[in-house]
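# Architecture at a glance
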Amino acid sequence: RNVSRTLGTLGFVATLVGDASKGAIAVGLATISGLDERGLIVVTVAVFAGHVWPAHLQFRGGKGLATVMGAVLVMDYWVVIVTLLVAAIALAASKRFTASGLLAVALAPVLAAATDRASSDFVIGLSALVALIFFAHRQNIASAFGRPENRQ
């Protein structure tokens, strides 16, 4: 959202693709290297942490949602598709971008668990990632539920 406000839609799309690619490439390389599902979760946490708290930017980076989305896309694309669908429905109903996205993120482990595709390791790892995402978004959460958003 910050990039969208600063650079417009094209900047937002470029940043989204770049950040998601970062997660997807990390997990893709880990998959090729033969890591198991737990290892892929660890790689996802690491790429998330590197995005949110980069040392070269004085530990102030992005929020990590797109990076995690790209990583999970490689592990189980269906979870990302369903989560995005939930976010779109919530956005259409509420017109609140941040709240809709956070609701969908919160439901991602539940949605994953509801399918026969997800292992318990994946659901637990996804739950941990959701907790990290919420931690990174704690200021956004406070403002999203404290006052109406600027609607674009």
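As shown above, the structure is provided for reference.
Residues numbered from 1 in each chain as written. Predicted model: local features only at pLDDT ≥ 70, side-chain atom pairs only at ≥ 80, totals over all residues. Heavy atoms only, no water.

This brings us to the packing of aromatic side chains. Considering all chains together, one arrives at two aromatic pairs under this definition. Where phenylalanine 48 meets tryptophan 53, the ring centres are 5.9 Å apart and the plane angle is 85 degrees; that geometry is what we call edge-to-face. Between the aromatic rings of tryptophan 53 and phenylalanine 135, the centroid separation amounts to 6.3 Å while the plane-to-plane angle is 50 degrees, which identifies the pairing as tilted. Residue tryptophan 53 is located in the loop between helix 2 (37-52) and helix 3 (65-75), and its partner phenylalanine 135 is located in helix 6 (residues 120-136); the two are separated by 82 residues in the primary sequence. Overall, the relative accessible area of 43% leaves phenylalanine 135 in the partly exposed class. Here the aromatic residues Phe48, Trp53 and Phe135 are joined through ring pairs into a cluster of three or more. If you follow arginine 117 out to its NZ or CZ, it ends over the ring of tyrosine 77, 5.3 Å from the centre. Directly above the ring of phenylalanine 135 sits arginine 138, whose terminal nitrogen or CZ lies 4.0 Å from the centroid. (Phe/Tyr/Trp six-rings, centres within 6.5 Å; stacked < 30°, edge-to-face > 60°. Helix = DSSP H or I, 4+ residues; strand = E, 2+ residues; numbered from the N terminus. Buried < 20%, exposed > 50% of the residue type's maximum accessible area, 1.4 Å probe, protein only. Lys NZ or Arg CZ within 6 Å of the ring centre and 35° of its normal.)

The next point concerns the nonpolar core. As a rule of thumb, nonpolar side chains are buried together in soluble globular proteins. By size, the foremost hydrophobic cluster in this structure holds 24 residues, and its most contacted members are Val72, Met75, Ala112, Phe122 and Leu126. Those elements giving two or more residues to this core turn out to be helix 1 (2-32), helix 2, helix 3, helix 4 (77-94), helix 5 (97-113) and helix 6. Of the residues forming this core, the biggest block, seven residues, is contributed by helix 6. The contacts of methionine 75, once residues within four sequence positions are left out, are Val27, Leu40, Ile41, Thr44 and Phe122. (Core = buried A, V, L, I, M, F, W, Y, C linked by side-chain atoms within 4.5 Å. Contact = heavy atoms within 4.5 Å.)

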